[in-house]
Amino acid sequence: MDITNDIKYVGIDDKKIRFFEGQFPVSDGMKYNSYLIMDEKITIMDSVDFEFAQEWINKIKSALKDKTPYYLVVQHMEPDHSGSIVELIKEFPNIIIISSSKSFDMMKNYFDHDYIENRIVIEDDDIISLGKHKLRFFSAPMVHWPEVFISHDIIDNVLFSADAFGKFGTASDESNWIDEARRYYFGIVGKYGLQVANLLKKLSDLDVKIICSLHGPVLKNNIQYYIDTYNKWANYISEDDGILVAYTSVYGNTRKAVEILDKEINKYNVNYEIINLQKTDVSYAIAKAFKYKKLIIATTTYNAHLFPHMYNFIHHLIHRNFKDKIIGLIENGSWAPMSNKIIMDLFAKNKIIFLDKNVSIKSSIKEKNIIDIIGLVDELIKL
């Protein structure tokens, strides 16, 4: 695939993988993106997972025909992007590696070789000429590893963005970007919002026409939309003033409370979604929680604490700096319902507004509980 007249796509679709990083379900697989810049000094942008090394090298050789690559740019050392470096060097032993000093330290860790005889160490704002094309490099520490750099092709205005702007799946259609990009961002990068925001400030004066991420489609249409979306995510700004209801239920009584919630919320003109944490992977719930401004948590007290699926969900939110949200609580317990207090305590260091009209159920739904749930929804909608 030609991205511009001089830039070609040589990435790989991994259709076999079902859990990315061993935890995120990816029913459609993953893209490991790599690019070729055809110039006087032909440059390969990043590698792919080791399992696909030969397929990737064959793609490169087919695109090059009788030519030889001059540079390999390594922007990120995570193995899905660096795993084939050794195999590439076996094929092209004179290739020069361009990367950060931290990346070369990691190469020593992974490959027992830091390529000191055949490398260029870049620093922030360095520019390297490939001939007609010039790459300007920007350090992007903790987006989402400490060694990350991204690159801007000054001539074609292409941003090689490492993992930023990536998504789960193998679809090449950018119109399906948002949901899986959100799940990817908050699953993998979300803890580092400050670092992402700092990177976006660095890039604010660039004229970016195309974004080439290491995962997902090449982004060519309405670039400002992607940048604005990333700015929201980096600054923990909700995309939608609607509501996520996340719940667990052991014997069905908490589920009945959620069914009442559903009917009440549906009376209002508001976007909302309901997720059963026992049936939905937590990564989907995390993404939705960051999408919406408001969250209702309904769960049982379990072993004097929270039901495990709910604790896991809240743990992940806190770990990713969940803040600037409004939360309503519904607890259930047969003799000592206490999950509302536990949840408030867990979020004590986060910037959260809790409703006054939280609900406490003892075993099964009573008339008072129905009135309380109606009051909770009313308060949440008004806020």
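Above this text sits the structure in question.
In this text the structure is predicted, and so the values were computed from the model without any measurement. The residue count restarts for each chain, going from 1 along the sequence in the order it is written. Predicted model: local features are reported for residues with pLDDT of at least 70 only, side-chain atom pairs are reported and counted for 80 or more only, and whole-chain, interface and lining totals are derived from all residues. Working from all heavy atoms in the structure, the side-chain values ignore hydrogens and water.

Visitor: Lay out the sheet that holds strand E1 (residues 7-9) with the relevant residues and their values.
Guide: What the six strands build is an open sheet, ordered E1-E6-E7-E8-E9-E10; its pairing is mixed. The strands lining the two open edges of the sheet, one partner per strand, are E1 and strand E10 (119-121). Going across the sheet, the axis of each strand differs from the next one's by a mean of 20°, ignoring polarity. In the packing of helix H4 (residues 101-111) onto the sheet, the strands contacted are strand E9 (96-99) and E10, and the crossing angle to E9 comes to about 120°. Strands are treated as partners if at least two bridges between them are detected by DSSP. Secondary structure elements are taken from DSSP: a helix is a run of H or I of four residues or more, a strand is a run of E of two residues or more, and numbering for both begins at the N terminus. Working convention: axes come from line fits to C-alpha atoms, limited for helices to the stretch in contact. Angles between N-to-C directions cover 0 to 180 degrees. Whether two residues are in contact is decided by their heavy atoms, any of which lying within 4.5 Å being enough.

Visitor: So, the pairing of strand E12 (residues 134-139): which residues are in play, and what are the values?
Guide: Where strand E11 (residues 127-129) lies against E12, three bridges are found, and the strand directions are antiparallel. Within E12, the residue paired with isoleucine 127 across the bridge is arginine 136. Between E11 and E12, which pair antiparallel in sequence order, lie four residues; one of them, glycine 131, sits at a positive phi of approximately 130°. Taken together, the five bridges between E12 and strand E13 (residues 149-153) define a ladder with antiparallel strand orientation. Note that in E13 the partner of phenylalanine 138 across the bridge is isoleucine 150.

Visitor: Explain the side chain of aspartate 46 to me, using residue names and the numbers behind them.
Guide: If you trace the backbone, aspartate 46 turns up in the loop between strand E7 (43-45) and helix H1 (53-64). Summary of the burial criterion: residues with accessible area below 20% of their type's maximum are buried, those above 50% are exposed, and those between are partly exposed, where the area comes from a 1.4 Å probe applied to protein chains only. Working convention for charge: Lys and Arg count positive, Asp and Glu count negative, and His plus the chain ends are omitted. Counted as salt bridges are all cases of a side-chain nitrogen of Lys or Arg within 4 Å of a carboxyl oxygen of Asp or Glu. The side chain of aspartate 46 sits in the buried core without any salt bridge; lysine 31 is the nearest counter-charge, 15 Å away.

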